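Results of the structural survey
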Amino acid sequence: ALLFITVYTADGFYEFVEDHCVFNSTKLDDIEYIRSYYYNKLEYTRFSSSVGKYVGYTEYGVRNAEAWNKDTGDLAAMRAQKETYCLNNVGNDHEAAL
């Protein structure tokens, strides 16, 4: 799985975004792109290419997901990440592992 993390800090609190690809093969159908949003180690919102939209896990996350799911342009861009972000990198990782 590929993993990239961005961390933001302010006054000792951590907010970070994690992008990763879960895969069993290099076929696009076998790849899942996930972007998770965390605050102080608690995941509050997630986008999954398998679901195709944002899902909130806290009250704040649910509000974010509802707002972000209304933005059709952002949803289309997030859905495209499976191919643009994962597909090339998964192929590279798969080749390196073999």
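Within an unreviewed UniProt entry, the label attached to the protein chain reads MHC class II antigen, and the organism entered is Scophthalmus maximus.

**Observations regarding the packing of aromatic side chains**
If you walk through the whole model with that rule in mind, you get 9 aromatic pairs. A ring pair is formed by Tyr37 and Tyr54, whose centres lie 6.5 Å apart and whose planes are at 50°; its orientation type is tilted. A residue pair is termed long-range when its members are at least 10 positions apart, and Tyr37 in strand E3 (residues 31-39) and Tyr54 in strand E5 (residues 53-56) qualify at 17 residues. Across the pair, Tyr54 and Tyr37 agree in class, each one buried. Feature note: the residues Tyr33, Tyr37, Tyr44, Phe47, Tyr54, Tyr60, Trp68 and Tyr85 constitute an aromatic cluster, connected by ring pairs.

**Structural notes on the pairing of E3**
Inspection of the sheet shows strand E2 (residues 13-23) paired to E3 by 9 bridges, in the antiparallel sense. From the neighbouring strand, Glu15 faces E3, where its bridge partner is Tyr39.

**Observations concerning the state of the cysteines**
Inspection of the entire model under this criterion finds 1 disulfide. Sulfur-sulfur distance for the disulfide between Cys21 and Cys86 comes to 2.0 Å. The chirality of the disulfide connecting Cys21 with Cys86 is left-handed, given an S-S dihedral of about -85°. One end of the pair, Cys21, is in strand E2; the other, Cys86, is in helix H2 (residues 72-97), with 65 residues separating them in the sequence. With relative accessibility at 0%, the residue Cys21 sits in the buried group.

**Digging into helix H1 (residues 59-69)**
Residues of H1 that are buried include every one of Gly61, Asn64 and Ala65, and no others. For H1, the angular spread of the buried residues around the axis is 100°, confining them to a single face. Lining the buried residues of H1 we find strand E4 (42-48) and E5.

**Looking at the side chain of Ser49**
Within the secondary structure layout, Ser49 lies in the loop between E4 and E5. With residues near it in sequence (within four places) discarded, Ser49 still touches Ile31, Glu32, Tyr33 and Lys82.

The rules behind each value
- Residues numbered from 1 in each chain as written.
- Predicted model: local features only at pLDDT ≥ 70, side-chain atom pairs only at ≥ 80, totals over all residues.
- Heavy atoms only, no water.
- Phe/Tyr/Trp six-rings, centres within 6.5 Å; stacked < 30°, edge-to-face > 60°.
- Helix = DSSP H or I, 4+ residues; strand = E, 2+ residues; numbered from the N terminus.
- Buried < 20%, exposed > 50% of the residue type's maximum accessible area, 1.4 Å probe, protein only.
- Pairing = 2+ DSSP bridges.
- Disulfide = S-S within 2.5 Å.
- Arc of directions from axis to C-beta.
- Contact = heavy atoms within 4.5 Å.

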